[in-house]
Amino acid sequence: MRPTVSPNPGYLSFVLHGHLPYVRHPEHEFFVEEEWLFEALTECYIPLLVAFERLQRDVVPFSLSLVLSPTLISMLDDALLRQRYRRHLDGLRQLIRKELLRTRADHRLQQVVQFYAQRLDLVEQVWRATDGDIIGAFARLQTAGHLDLMTCAATHGYLPLLRHPPHAVRAQLTIAVEHYQHRFGRRPRGIWLPECGYYPGLEQELRRLDLRYFVVDTHAFTLARPKPPRGYTAPVFTEAGVAAFARDAASSVDVWSREVGYPCDPHYRDFYRDIGYELRDDQLTPLFRQGEARRPSSLKYWAITGDTDEKRPYQPEQAMARAKEHAADFVDKRLAALRQQPPAKVPPQIVAPYDAELFGHWWFEGPWWLEAVFRTAAQCGLKTIALQDYLRAHHTHAVAAIAESSWGENGYNDFWLNESNAWIYPQLHHAAEQMRQIAAHGVRHRQTRPLAAQAARELLLAQASDWAFIIKSNTVVEYAVTRTRNHLARFNELGAALAPDGTVSAAFRLERLDEIAALSPIFPALDPQVYL
Amino acid sequence: MGRKEYEELRKDELLDKARELGLTSLSRLRKDEIVDLLLQAERRAARRKAASKKTSKATASARTIKKTASKKAATTKAVTKKATSKKTAETRATAKKTASKKTAETRTATKKSAATKIAPSRAGAPAHAEKRNERRAASTRSTVSTSSDVATSPAANRPATALPPSDRQIEQAVQQPLAGEAPTTPEAGGVNRIRLLARDPSWFYCYWDLSAEYVQAARDAGGKALALRLYDMTQGAEYRTLTYETTCDEWARAWFLPVAANDRVYIAEIGFLDDRNSWLPLARSNTARSLLDGQQASPPLVTRTVSHPIDQPLRTTASPQPTPALEASDTADWLNAQLDSHAYDVQADRVRGSSATLLAGERLAGSRLPGSRSSAALADRVAGSRVAGSRVAGSRVAGSRVAGSRVAGSRVAGSRVAGSRRGFQTLIGWADDTTPTLGHTLTLGGKTDAFYPSLPGPGDHAVAVAAELVLVGRTNPTNRLSISGNRIPVGPDGAFSLRIPFEEGLGSLTIESEDDRGSVESLRVWFGTLNEANRQP
């Protein structure tokens, strides 16, 4: 008997993973790595917000899942960082004014600078309109039914390598859930496993927190036992009842591939040619001359053009038109893939997860493309759906044991565990074991509880997968090593200050706790009890 | 006693001596092997006695050293601005973890072991944590093994009907002394620990931390070279297999170990080898399962679907049972064991025209019918039949004309019996030596055929065969069960069973179990040819 076939060709589910490591240095007036957040705000988060609000205004049916990692939320809510972002915008405005003068003789460059000036107007307008509360604006889109906001592990710890001892993983998850609840007034239903890092048994921890779904890379399904009957076009339930969605490999290649991906198009903006590196010192404004080395200004005037140093000036109108063409191509391919699926009661689904920072930052035209995809999909009858809404509509699925995997290079744990960064794990595991004792001692007295809580914050920050990633990537290695060591050193200092009877040792100055806490005031409501 | 004296004893006398020295489970060994172990045990006992005197003196001084180390770590300096602000030029590449993450580089790892020099990780640990670890070490000490466990073949020793243990069971088992083990480490306190992590399908990573007094004690006991061992524990702690051994420098604190086989459970041990290559273990790791590589699973034999509405709490269910992930050769044993344990009172007889023939539960099919069989009889019959993964009636069919129903595909998909964990337990087997006593017909989908084929014609050597599928399962006794739309009674213990003529075209069965709340869980069981075309839902 053939099942009744749905007229719906299938679903397209975007999942954007928004995350940056917790970087906040009040001890310095300027700190280069804080710019990661500011660049992402200007180029990614605010443009995405603008695109979503425009779709909402135009009554385009659209829905997607957006992950906001607890560290990202904490930074976007942080008063100091908001104040510094305001300063960053002012500095950028100053530089653009200067550039309008410098490029007035070059019509083509002048047009690009004017484009950036208008774009900055828009960003500042959004910043003022939301009073800097970008997270709140995304929350409103969730309330309106367009976004499904997912959480992530507290500090983006790579869970397969933190599972010893198990309470380290439990704390990463529990603190994330509590943070989400505190911020949004509701419990999260879905979680993004950092780097899609899954190991068998993790679903039991998710179930404990009533987290109902997560995303894995394609090969977690390919290697699943039994093989999921509908491949990656439908989720499976783990034995714990938590659903797993698999990344669609073809959607990934279209966007991620360095050779054939859309972002390689010659019309798109070249990421690397930034005037922050190219101009003389006197041509830059003070903000972009801070420190010993140059840094990007986010003003990039050249198109990719091709494999040449002779770049053409960037032409935003052409790039936007190209983004729409690529959006149509993407929708066509997904529809074709969906129509190739055998008929079934439940329409097939394509899950397309990406790092949110890809859109607008790495791939400048990404937000335009995404908006165009939603508009084209709506015209073509391709329904976009958030993961949570999909599970609400279709809740009967096959059961399978999916395989340990990640979406990192090679698909397993090796990017976060190799000759360059393996030294981190003995220390993280040992500290996590100690944390249980610190929590047990700390919760006995009201005055020592903050000490245990701060020790937990330091441990959580040391566990961030970003540090191992940066070390392996060989980018800002010294910063990543320093962050890991500093957090562990502070953890050890706080642990040593707490006597087994639950009192603070006489040698420890309580002012020191305030100093440490002021550096990393993340998760203010953290209860060390979570480690017990 | 010397070797000569031991060799003059009978084997049972040697075993008695072995028990006195704490060595057990040696009965399968040859006499000369037992003598070797006895001599080794005697030497170890003598060394241990000598070592315990030395280490009790060493402990006090070792603790003093630890305190000094803690103080040093506590003075670790915070990072200066200078250290961090230099990185400006590198920043642009960093925040963009996006692109490099997705490049599909070919795995370049070689099978060459790579030692990583890692400073002792415990420097700076608070003193109270060290005490706790000392206690832990004391318990670890009792679990260390001797050299007698090397390279035992699990396949040779594992009971025929045993299921592979779960990962958790293995983890628990490795915390217990293994058969024949005697502690070889000193009585003094100290911290020994080793951790094993799966890195990718080809490599494990392990790191360790050994206390100076343990290392010294091992040296005093004859240890010459620090070494790492990797054991396959998949079949259980008693049947572990040494898959890799390497000596390593004493300054090393971590090592990458090659994986012998995917999807197996391993532990690592660190210890010393003495002059005779005897193993003096110091610490044993956690268990870790090697990762699956690009080998795809077979198409499912059983597809189970469940319903979990996201706005309703997840149903409370029984703890998951271990998945019987059996190899083809295990399946017959498992089937027999299941059938034996179910203690079926078989009362099937010729039931023509009924919707199904039931084997399970004396209250199921009305009154007890004459000709019913005992569970032993059924087990014997099924044991003689081929099970999933085997050719069906190959030799019997070959060269004969097959009349009636042809054996569809002559293979069951996947050679694997997938047991469900929660609502059902199912197993599937073949019965290709059906006898008239249990002959019956089965109706599914409204079709009724005589199961036994007719002879194709007269002749002394005429033969006709057919195959039959036996489906045995278990669900909650209060559940309502149906198979492909036919209501199937369930026994008081939740057991159910079904025999189905195996005909070409029998693609799948859908088994649905409905609980008293109306929640339905379904399994789809696939049979027949491995033709993807008939697998579509």
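Being a predicted model, the structure only gives us computed values, none of them experimental.

Scoring rules and cut-offs
- Residues numbered from 1 in each chain as written.
- Chains lettered and ligands numbered in written order.
- Predicted model: local features only at pLDDT ≥ 70, side-chain atom pairs only at ≥ 80, totals over all residues.
- Heavy atoms only, no water.
- Helix = DSSP H or I, 4+ residues; strand = E, 2+ residues; numbered from the N terminus.
- Buried < 20%, exposed > 50% of the residue type's maximum accessible area, 1.4 Å probe, protein only.
- Contact = heavy atoms within 4.5 Å.
- Areas by Shrake-Rupley, 256 points an atom, 1.4 Å probe, with all protein chains shown as cover.
- Salt bridge = Lys/Arg side-chain N within 4 Å of Asp/Glu carboxyl O.
- Polar contact = N/O pair within 3.5 Å; in protein donor to acceptor, adjacent residues only side chain to side chain.
- Phe/Tyr/Trp six-rings, centres within 6.5 Å; stacked < 30°, edge-to-face > 60°.
- Lys NZ or Arg CZ within 6 Å of the ring centre and 35° of its normal.
- 1 Å grid on protein atoms, 1.4 Å probe; cavity = no way out; pocket = protein on both sides within 12 Å on 5 of 7 lines; lining within 4 Å.
- Points joined across faces, edges and corners; volume = space filled by probe spheres on them.
- Nonpolar A, V, L, I, M, F, W, Y, C, P; charged D, E, K, R; others polar.
- Core = buried A, V, L, I, M, F, W, Y, C linked by side-chain atoms within 4.5 Å.
- Pairing = 2+ DSSP bridges.

**Student:** Got a minute to help me understand the overall build of chain B in this structure?
**Tutor:** Looking only at helices and strands, chain B features 13 helices and 17 strands. For chain B, the residues scored as buried account for 50% of the 537 residues in total. Sequence separation of 24 or more characterises 70% of the internal contacts of chain B that already satisfy a separation of 6 or more. With the model as given, the accessible surface of chain B reaches about 24500 Å², and the carbon-plus-sulfur share is 50%.

**Student:** Just checking my understanding: could you explain the overall build of chain A for this structure?
**Tutor:** Regarding its fold elements, chain A presents 18 helices and ten strands. Put simply, chain A has 532 residues, and 67% of those count as buried. Expressed as a percentage of contacts within chain A between residues at least 6 apart in sequence, the contacts between residues at least 24 apart total 79%. As displayed, chain A has an accessible area near 18200 Å², and 51% of this comes from carbon and sulfur atoms.

**Student:** Got a minute to help me understand the pattern of salt bridges in this structure?
**Tutor:** Opposite charge on two side chains permits pairing when their charged atoms draw close. Residue and element names in this part refer to chain A. Following the criterion strictly, the structure yields 57 salt bridges over all chains and no others. For Lys300, the salt bridge identified is with Asp274, shortest N-O distance 3.0 Å. With a gap of 26 residues between them, Lys300 in the loop between α10 (275-278) and α11 (316-339) and Asp274 in the loop between α9 (249-256) and α10 connect regions that are remote in the sequence. Relative accessible area serves as the criterion here: at 0%, Asp274 is assigned to the buried category. A salt bridge links Asp329 to Lys333; the nearest nitrogen and oxygen atoms lie 3.3 Å apart. Residue Asp329 and its partner Lys333 are both found in helix α11; the two are separated by four residues, about one turn of the helix.

**Student:** Mind showing me how you'd approach the environment of Phe237(A) here?
**Tutor:** All names here are of chain A. On the secondary structure map, Phe237 appears in strand β6 (residues 236-237). Given a relative accessible area of 1%, Phe237 falls into the buried group. For the pair Phe237 and Thr396, spaced 159 residues apart in sequence, the C-alpha separation works out to 8.7 Å.

**Student:** What should I look at first to understand the side chain of Lys311(A) in this one?
**Tutor:** Residues and elements named next belong to chain A. Relative to the helices and strands, Lys311 resides in the loop between α10 and α11. Of note is the side chain of Lys311, whose polar atom sits 3.5 Å from the side chain of Asp270. A distance of 2.9 Å separates a polar atom in the side chain of Lys311 from the backbone oxygen of Ile304.

**Student:** Please clarify how the packing of aromatic side chains should be interpreted in this entry.
**Tutor:** Between two aromatic rings, the relevant description is the distance of the centres plus the angle of the planes. A complete count under the given rule lists 44 aromatic pairs over all chains for this structure. With a centroid separation of 6.0 Å and an interplanar angle of 80°, the aromatic rings of Trp467(A) and Tyr479(A) are classed as edge-to-face. In this pair, Trp467(A) sits in helix α16 (residues 465-473) while Tyr479(A) sits in helix α17 (residues 477-497), placing the two residues twelve residues apart along the sequence. Side by side, Trp467(A) and Tyr479(A) carry an identical accessibility label, which is buried. Both rings, one in Tyr205(B) and one in Phe256(B), keep their centres 5.0 Å apart while their planes meet at 45°; by these two values the pair is tilted. Of the two residues, Tyr205(B) sits in strand β3 (residues 203-209) while Phe256(B) sits in strand β6 (residues 254-258), which places them 51 residues apart along the sequence. Aromatic ring contacts, followed pair by pair, group Phe14(A), Phe52(A), Phe62(A), Trp256(A), Tyr262(A), Tyr268(A), Phe330(A), Tyr354(A), Phe359(A), Trp363(A), Trp369(A) and Phe374(A) into a single cluster. In this arrangement the basic side chain of Arg334(A) is found over the ring face of Phe330(A), its NZ or CZ atom lying 4.6 Å from the centre. Above the plane of the ring of Tyr231(B) lies Arg240(B), whose end atom (NZ or CZ) is 3.9 Å from the centre.

**Student:** When you look at empty space enclosed by the protein in this model, what are you seeing that I'm missing?
**Tutor:** A probe matching the size of a water molecule, rolled over the atoms, marks out where space remains unfilled. Residues and elements named next belong to chain A. All chains considered together, the criterion is met by ten cavities of 30 Å³ or more. Here the second largest cavity is characterised by a volume of approximately 80 Å³. Breaking the lining of the second largest cavity down by element, the ones donating at least two residues are α1 (35-57), α3 (79-102) and α4 (107-129). Across the lining of the second largest cavity, the residue classes tally to five nonpolar, two polar and two charged.

**Student:** Where do I start with the nonpolar core in this structure?
**Tutor:** Where a protein is soluble and globular, its nonpolar side chains tend to be buried together. If you look at the biggest cluster of nonpolar residues, it comprises 179 residues, and the most contacted ones within it are Phe14(A), Phe52(A) and Trp369(A). Other than its neighbours up to four places away in sequence, Phe52(A) contacts Leu16(A), Phe62(A), Leu64(A), Phe138(A), Leu141(A), Leu147(A), Leu370(A) and Phe374(A). If you look at the next biggest cluster of nonpolar residues, it comprises 33 residues, including Cys206(B), Val215(B), Leu280(B) and Ala288(B).

**Student:** Quick question: what am I supposed to make of unusual backbone geometry here?
**Tutor:** It is generally the case that most residues other than glycine have a negative phi and that most peptide bonds are trans. Residues and elements named next belong to chain A. In this structure, the amide linkage connecting His164 to the following residue, Pro165, adopts the cis form with an omega of -5°. Structurally, Pro165 is set in the loop between β3 (147-152) and α6 (166-184). Cis geometry marks the peptide bond from Arg225 to Pro226, where omega comes out at -10°. Note on placement: Pro226 falls in the loop between α8 (218-222) and β6. A positive phi angle, close to 55°, is found at Asp131, a residue other than glycine. With a relative accessible area of 65%, Asp131 lands in the exposed category. Phi is positive for Glu195, which is not a glycine, with a value near 60°.

**Student:** What exactly am I supposed to notice about the sheet that holds β6(A) here?
**Tutor:** Sheet strands pair via backbone hydrogen bonds, and the direction of the pair is either parallel or antiparallel. All names here are of chain A. One open sheet holds the three strands; their spatial order is β5-β7-β6, and the pairing between them is mixed. Each of the sheet's edge strands pairs with one partner strand only, and the pair in question is β5 (213-216) and β6. Of the pairings in the sheet, the one linking β5 to strand β7 (residues 243-246) comprises four bridges and is parallel in character. Residue pairing in the sheet places Val215 in a bridge with Phe245 of β7.

**Student:** Looking at this structure, how should I read the pairing of strand β13 (residues 480-483) of chain B?
**Tutor:** Regular strands place their side chains on alternate faces of the sheet. All names here are of chain B. Direction of pairing for β13 relative to strand β16 (residues 508-514): antiparallel, over a ladder of four bridges. In the strand pairing of β16, Ile483 is matched with Ile511. Here β13 runs beside strand β14 (residues 486-488); their pairing, made up of three bridges, is antiparallel. Counterpart to Leu481 in the pairing with β14 is Ile488. Hairpin connection, β13 to β14: the antiparallel pair is bridged by two residues, and Ser484 has positive phi, about 45°.

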